[in-house]
Amino acid sequence: MEWDTGAAAWMLTSASLVLLMTPGLAFFYGGMVRGKSVLNMMMMSFGAIGVVGVIYVLWGWSMSYGSSVAGIFGNPFDQFGLSGTLFDADGNPMVGLGNYPQVIDVAFQVTFAIITVALISGALADRTKFGTWLAFVAVWVTVGYFPMAHMVWGGGQLSGLEGSIAAAMFGTTDGVANTAPIDFAGGTVVHINAGVAALVLALIIGKRKGFGTEAMRPHNLPFVMLGAALLWFGWFGFNAGSAFGADENAGMAWVNTTTCTAAAMLAWLLTEKFRDGHATSLGAASGIVAGLVAITPAAGALRPVTSIILGIVAGVLCALAVGLKYKFGYDDSLDVVGVHLVGGLVGTVLIGFLAADTGLFFGGGVNQLIIQIVIALVAIVFSGLVTLVIGLILKATLGWRVSQDVEVGGIDLAVHGETAYENLGGARVVSEVK
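About the thresholds
- Residues numbered from 1 in each chain as written.
- Predicted model: local features only at pLDDT ≥ 70, side-chain atom pairs only at ≥ 80, totals over all residues.
- Heavy atoms only, no water.
- Helix = DSSP H or I, 4+ residues; strand = E, 2+ residues; numbered from the N terminus.
- Rg over C-alpha atoms; globule rule 2.2 N^0.38 Å.
- Buried < 20%, exposed > 50% of the residue type's maximum accessible area, 1.4 Å probe, protein only.
- Contact = heavy atoms within 4.5 Å.
- Areas by Shrake-Rupley, 256 points an atom, 1.4 Å probe, with all protein chains shown as cover.
- Core = buried A, V, L, I, M, F, W, Y, C linked by side-chain atoms within 4.5 Å.
- Phe/Tyr/Trp six-rings, centres within 6.5 Å; stacked < 30°, edge-to-face > 60°.
- Axes fitted to C-alpha atoms, helices over the stretch in contact; angles between N-to-C directions.
- Parallel < 35°, antiparallel > 145°, perpendicular 65-115°, else oblique.
- Left-handed = near helix turned anticlockwise from the far one by under 90°.
- Nonpolar A, V, L, I, M, F, W, Y, C, P; charged D, E, K, R; others polar.
- Expected span 1.5 Å × (residues − 1).

Draft legend 1. Examining the overall build of the protein more closely. Summing up its helical and strand segments, the protein has 16 helices and four strands in all. Scaling as 2.2 N^0.38, a compact globule of 434 residues should have a C-alpha radius of gyration of about 22 Å, and the protein matches this with 21 Å. For the protein, buried positions account for 55% of its 434 residues. For the protein, long-range pairs separated by at least 24 residues make up 74% of all intrachain contacts whose partners lie at least 6 apart in sequence. Summing over all exposed atoms, the protein offers an accessible surface of approximately 16,700 Å²; the carbon and sulfur share of this is 67%.

And the structure:
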């Protein structure tokens, strides 16, 4: 068989770009915390790479894309250890979603699982046991992420195939729902899923000592800006790679991603300026991520001009939403809820208005809007219940929080035996090791 080497090269490049996003997230989150916990914050992202990178090969792919169990998850034993995934009975490479070997799809999809779990860590800064976090990663990616990926992308309940919610609501033609949900690159699977999980865990674990009464400013804004830049760069693999080929769909997703993100950054800065009197670097970085989140589900359904509209709405709403934690008293440390949950909801729902062919504003009627709202609500409920059960079990067994002395003194030194900066005790640690 003659492979499409151009598509294969693009998908391998996209997989590499998405993998880069998690170290980029480590810088983004690491810069936003205080200096005494920056290494722990970054280690939570790298820990997610380690745990998910192993689990995905064993049962993650099978649970996402294996034979369906009630349209909710794939059979984990169907393709355990990638059996039957890489080669057929004759030893020939299996064909992927494009005209390239399926192993490339495995490479691409594992990076999505990694970044989704890592996003949740931003809500848990400064106070979480590293071992409990790793245990959570292993369990949540298994019962939270893989089922959601199966439901949306693996032909399950949130897809547009027969047996799905959309098919039951609107009927089918040739096995496809007459109005199918649109989630191009992960509004439900990634951002709503992670955002809800972050909110639930923040409520279970509780507030940091001093939350709301003392300043907890970012210790390194250049880290934050660097992280935002790496995320934006990697996001081209995230969105344009979800076209599964080097074609016009990838090009449209790339342009939509850029325009939406640029508009969201400007909208966030304007909101800051009017509200606070300053347009900040933290606001620019946060606006970038808000735009990237919002365009994720919509990158293939919108056009560049409507992507600008989406970016403006997302930038304003996310900038306002990050203040809700002070109003309602939940400690979402690094604004995962305000950016990823709200941004994911904005992008998912506004598809119903702005989609080029089926959106309400373009003569498509209300069906697209209805199904977009439905899949968003299902994702919220599913992620919330799954995370609540996991979070409470881990709280009762391993425990979530470090001691108050560790939290005050610095989680880096106590948990990891090192600090990012010598004036925070690093010199003493080195002398003790010697």
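Draft legend 2. Just the nonpolar core, in detail. In terms of nonpolar packing, the biggest core is built from 120 residues, with Phe 28 and Leu 310 touching the most fellow members. Among residues more than four places away in sequence, those in contact with Phe 28 are Phe 223, Val 224, Gly 227, Ala 228, Leu 231, Ala 285 and Val 289.

Draft legend 3. Region of the structure containing the packing of aromatic side chains. Within this structure, the stated rule accounts for 16 aromatic pairs. Their ring planes at 80 degrees and their centres at 5.1 Å tell us that Phe 27 and Phe 223 sit as a pair that is edge-to-face. Of the two residues, Phe 27 sits in helix H1 (residues 5-32) while Phe 223 sits in helix H7 (residues 221-240), which places them 196 residues apart along the sequence. Taking relative accessible area as the criterion, Phe 223 reaches 24% and is therefore assigned partly exposed.

Draft legend 4. Just the packing of helix H6 (residues 187-205) against helix H13 (residues 367-397), in detail. Put simply, H6 and H13 touch, their axes get as near as 8 Å, and they point 40 degrees apart. Viewed along their axes, H6 and H13 adopt a mutual orientation that is oblique. Between H6 and H13 the crossing geometry is right-handed. Residues Thr 188, Ile 192, Asn 193, Val 196, Ala 197, Val 200, Leu 201 and Ile 204 of H6 touch H13, and the partners they reach there are Ile 375, Ala 376, Ala 379, Ile 380, Ser 383, Gly 384, Thr 387, Leu 388, Gly 391, Leu 392 and Lys 395. Classifying every residue of the contact of H6 with H13 by side-chain character gives twelve nonpolar, six polar and one charged.

Draft legend 5. Looking closely at H13. Taking 1.5 Å of rise per residue, 31 residues should cover 45 Å, and H13 covers 45 Å from first to last C-alpha, within 8% of that figure. Directly beyond the C-terminal end of H13, a positive phi value near 80 degrees is found at Gly 399.

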